[in-house]
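# A closer look at the structure
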Amino acid sequence: MSAFVYYPFLKSLYLSFFRTNGFFDKKFVGFENYTRLFTDSQLGAATLHTLEIMLYVIIFQVGIALVLAVMVDNISKGKGFFRTVFFFPIVISGAAISLLFVLIYNYQFGLLNGFLAKLGIEKILWMSETGSLKAIAVPTVWHYVGFYFVLFLTAMSKIPSDFYEAAKLEGITGFKKTIHITIPLILSDIKVVLILAITGTLKVFDFIWILARGQNGTEVLGTYMYKKAMVDLNFGYGSTIAVYIVVFGVVLSLVTNRLLKKEDITY
């Protein structure tokens, strides 16, 4: 933790007060880099794009994972099979998945447009100015659905069967059972998953970079920080953006905790 989390963050915090290329050219500028944050329109756009991806992740990634977990939890056989199948995408690297979707989205020879051509439908430019971010959200969501599915399924498996037996005697089954028993009893786990999903979105980089290089309205905080630090060799401002991402993530986590604040239920 000290070597790979605390030291890099403190080093970034230190460099954020300098104008430096990361090597020998280093000049102390105080809060100049932080002042620049408030006037940087590209940073504002990157923040909005990150929030848009975050919205897709919360609704679809977490939502689909919860629905799948509820469905699998209600079957008596095959849980191990579905747990393995749904979890499988997480073991594939993000770079490999990104390259796969490069082929899928290709305008001339892509799988999607090939399928549309077979149906006699005109080809679509999937990576357009207006559609790129949504197209990138698809592999982003798919990659981690299985991870959150396993977390939800594990949480549901800890719920004592007595709750469900008592509910059955009261005539509470099906959808009502999920809403009134399952969801309330795993609310703390849902909160954890939401925080993981939100903070994970702030680290999205490989899908954006490989599929679009942050162009066509797909610039997010991760790619913008990389460009400033590694492409423009402005390590001081790049470090400032890194600090901004950390603070932004902490604030969003605190807000999520506040919105979902509830006493933990013990059995």
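Presented here is a report on the structure given in the accompanying data block. (Residues numbered from 1 in each chain as written. Predicted model: local features only at pLDDT ≥ 70, side-chain atom pairs only at ≥ 80, totals over all residues. Heavy atoms only, no water.)

### A look at the nonpolar core
Counting residues in hydrophobic clusters, the biggest one holds 44 residues, and the most contacted among them are Y105, M127, I136, F149, F152, M156 and I186. Secondary-structure elements contributing two or more residues to this core are α3 (41–73), α5 (94–105), α7 (132–157), α8 (161–169), α9 (174–185), α10 (187–201) and α11 (206–212). Apart from the residues within four sequence positions on either side, F149 is in contact with A65, L68, A69, V72, F82, R83 and F86. Counting 15 residues, the second largest nonpolar core, distinct from the first, contains L37, Y237, I245 and L252. (Core = buried A, V, L, I, M, F, W, Y, C linked by side-chain atoms within 4.5 Å. Buried < 20%, exposed > 50% of the residue type's maximum accessible area, 1.4 Å probe, protein only. Helix = DSSP H or I, 4+ residues; strand = E, 2+ residues; numbered from the N terminus. Contact = heavy atoms within 4.5 Å.)

### What to know about the pattern of salt bridges
According to the stated counting rule, one finds 5 salt bridges in the structure shown. Between E52 and K134 there is a salt bridge; the shortest N-O distance is 3.9 Å. Here E52, found in helix α3, pairs with K134, found in helix α7; they are 82 residues apart in sequence, far enough to count as distant. Classification of E52 by relative accessible area gives partly exposed; the value is 25%. You can call K134 partly exposed: its relative accessible area is 45%. D73 serves as the salt-bridge partner of K79, at 3.7 Å between the closest nitrogen and oxygen. (Salt bridge = Lys/Arg side-chain N within 4 Å of Asp/Glu carboxyl O.)

### Quick word on the side chain of T140
Mapping T140 onto the fold places it in helix α7. By relative accessible area, which is 6% here, T140 ends up buried. There is a polar contact of 2.8 Å between the side chain of T140 and the backbone oxygen of I136. Setting aside residues no more than four positions away along its own chain, T140 makes contact with V57, Q61, V204 and F207. (Polar contact = N/O pair within 3.5 Å; in protein donor to acceptor, adjacent residues only side chain to side chain.)

### Regarding the packing of aromatic side chains
Applying the stated rule across the entire model yields 17 aromatic pairs. Measuring from centroid to centroid gives 5.6 Å for F17 and Y34, while their planes differ by 45 degrees, and the two rings are tilted. In this pair, F17 is assigned in the loop between α1 (2–15) and β1 (18–20) and Y34 in helix α2 (residues 32–37), connecting sequence segments 17 residues apart. Taking relative accessible area as the criterion, F17 reaches 22% and is therefore assigned partly exposed. Accessibility expressed as a relative area gives 17% for Y34, which makes it buried. (Phe/Tyr/Trp six-rings, centres within 6.5 Å; stacked < 30°, edge-to-face > 60°.)

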